[in-house]
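# Observations on the model geometry
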Amino acid sequence: MYSILIYLYIAGIKLAALFGHRKAKQMIEGHKNIFPLLAERLREGVPYFWFHVSSLGEFEQGRPIIERLRETHPEYRVVLTFFSPSGYETAKKYQSADVICYLPFDTRRNVARFLSLVKPQKAFFIKYEFWPNFLQGLKRRNIPVYSVSSIFRENQVFFRTFDWGYRKTLRCFNHLFVQNKKSKELLAGIGVDNVTVIGDTRFDRVVKIAADAKQLALVETFARGNRVFVAGSSWGPDEDIFLRYFNEHRNGWKLIIASHEVTETRLAAIQSKFNGKCVRYTQASMDDVKNADCLLIDCFGLLSSIYRYGEVAYVGGGFGVGVHNLLEAAVYAMPVFFGPNNGRFQEAAKLKECGGGIEISDYTGFEQKMDAFTSDASVLKKAGDAAGKYVAGNSGATQKLLKALKLL
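The sections below set out a description of the structure shown in this document. (Residues numbered from 1 in each chain as written. Predicted model: local features only at pLDDT ≥ 70, side-chain atom pairs only at ≥ 80, totals over all residues. Heavy atoms only, no water.)

### Description of the pattern of salt bridges
For the structure shown, the criterion picks out 20 salt bridges. One salt bridge in this structure joins Glu 29 and Lys 32, with 3.1 Å as the shortest N-O distance. One end of the pair, Glu 29, and the other, Lys 32, are both in helix H2 (residues 22-32), three residues apart, so they sit about a helical turn from each other. The class for Lys 32 is exposed, based on a relative accessible area of 53%. Here Glu 359 ties to Lys 352 by a salt bridge, and the two come within 2.6 Å at their closest N and O atoms. Glu 359 sits in the partly exposed class, given a relative accessible area of 34%. The exposure class assigned to Lys 352 is partly exposed, which follows from its relative accessible area of 34%. Bridged by salt links that share partners, the residues Arg 70, Arg 77 and Asp 98 form one connected network. (Salt bridge = Lys/Arg side-chain N within 4 Å of Asp/Glu carboxyl O. Helix = DSSP H or I, 4+ residues; strand = E, 2+ residues; numbered from the N terminus. Buried < 20%, exposed > 50% of the residue type's maximum accessible area, 1.4 Å probe, protein only.)

Printed below as a string of structure tokens:
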């Protein structure tokens, strides 16, 4: 049944590509190059570790492990595969992997061909990746495979009365390194005991990002001597709340806004909603930013460094697709606002619990909390310290993993 579904999925992707679906077309084109690329790049007799991630978020979880391994075990090379075009297209030039390609569709023929070419010493599947044919193929060849930074919930297929054989997939892993105790308990309930709680390697990633943050002279000039509110990955409903507040209560704050979408339409919409002086990052001079109330980031790649200049952050997506990366902001020890669609994210619950994260559902809730931060520096500091301690206290998963595998 599973194999039939895989072939139906492949047919659906090809059909979507024919009708011009961008991601489907990227995927089909990328899959044509998988095996030629592997044949060209792989070196006979060289030991490879294989890392598989779904998309960009999982890649960020895998990066700390890959980079630490390259430091401590340069004798190993890395093959990195992606399922999603968005992840692959963003990371295809990543320097710490020797070969980067799509994961072949999970057919038995593809599995045999891929594993015969790569011959991985170990395989690491990050977070939610559970591909039955690949996992069974690794097990048959006695190649150790590990689930890393995985998290499990009661509503997943593994824990239903009729699991359609998916529990067998979990038993292919030599070990599962999970994020929390709840995951370990759920797995124990179905007889999967080769489990260790190590936490989430994303914490290690954001700590490294903060340590390597770029100094941005224009942003530094804009922020100097002012309180700065940084809105990252924002969408329209997010902006309607915080822009209304700063239109009505400037109170010495300056704004930096990095919208999730950087298009002329989105940038113009933000500027039209704000009644102060707003300048765009790529068009502004030092003199421009000194007198501006809002700096609008109109390019990509700067947000993780920009957060360092803020005292309060707002991370968007919580009124729509789901809240974006909270840890990138919290690592700088500042409180983080976000919308109500955050239930799938453990860090949102933990930040709320410790006082470093503030969930809002409307303008009134945002106004009340921002007024408190503005009028009482100790309230702001307490919330910021809580966010910073939460991130620092949960780092170290990479080291725990590598020690458990005797790679440190």
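### Focus on the packing of aromatic side chains
Between two aromatic rings, the relevant description is the distance of the centres plus the angle of the planes. The final tally for this structure, using the stated rule, is 34 aromatic pairs. Taking 4.7 Å as the distance between ring centres and 55° as the angle between the ring planes, the aromatic pair formed by Trp 50 and Phe 114 counts as tilted. In this pair, Trp 50 is assigned in strand E1 (residues 48-53) and Phe 114 in helix H6 (residues 108-118), connecting sequence segments 64 residues apart. Put simply, the rings of Trp 50, Phe 114, Phe 125, Phe 130, Phe 134, Phe 152, Phe 158, Phe 159 and Phe 173 touch in pairs and so form one group of aromatic residues. Across from the ring centre of Tyr 363, 3.7 Å away, lies the NZ or CZ of Arg 244, which sits over that ring. Above the face of the Phe 222 ring, Lys 254 is positioned so that its terminal group lies 4.5 Å from the ring centre. (Phe/Tyr/Trp six-rings, centres within 6.5 Å; stacked < 30°, edge-to-face > 60°. Lys NZ or Arg CZ within 6 Å of the ring centre and 35° of its normal.)

### Digging into helix H19 (residues 377-393)
The end-to-end C-alpha distance of H19, which contains 17 residues, comes to 24 Å, matching closely the 24 Å that a straight helix rising 1.5 Å per residue would cover. Within the sequence span of H19, burial applies to Leu 380, Ala 383, Gly 384, Ala 386, Ala 387, Gly 388, Tyr 390 and Val 391. On its buried face, H19 sits against helix H10 (202-211), strand E9 (253-259), strand E12 (312-315), helix H16 (327-330), helix H17 (346-354) and helix H18 (363-375). (Expected span 1.5 Å × (residues − 1). Contact = heavy atoms within 4.5 Å.)

### Some thoughts on the packing of H6 against helix H7 (residues 132-140)
Two elements in contact, H6 and H7, have axes whose closest approach is 9 Å; the angle formed by their N-to-C orientations is 45°. The pairing of H6 with H7 is recorded here as oblique in orientation. H6 and H7 meet at a crossing whose hand is right-handed. Residues Arg 108, Val 111, Phe 114 and Leu 115 of H6 touch H7, and the partners they reach there are Asn 133, Phe 134, Gly 137 and Leu 138. Along the lines of polarity and charge, the residues of the contact of H6 with H7 split into five nonpolar, two polar and one charged. (Axes fitted to C-alpha atoms, helices over the stretch in contact; angles between N-to-C directions. Parallel < 35°, antiparallel > 145°, perpendicular 65-115°, else oblique. Left-handed = near helix turned anticlockwise from the far one by under 90°. Nonpolar A, V, L, I, M, F, W, Y, C, P; charged D, E, K, R; others polar.)

### Comments concerning H2
Residues Ala 24, Met 27, Ile 28, Gly 30 and His 31 constitute the buried set of H2. Taken down its axis, H2 places every buried residue within 165° of arc, on the same side. In H2, the exposed positions angled more than 90 degrees off the buried face are occupied by Arg 22 and Lys 32. Elements in contact with the buried residues of H2: helix H1 (2-18), helix H3 (34-41), helix H5 (85-91) and strand E3 (99-102). (Arc of directions from axis to C-beta.)

The values reported here are purely geometric and, on their own, carry no functional implication.
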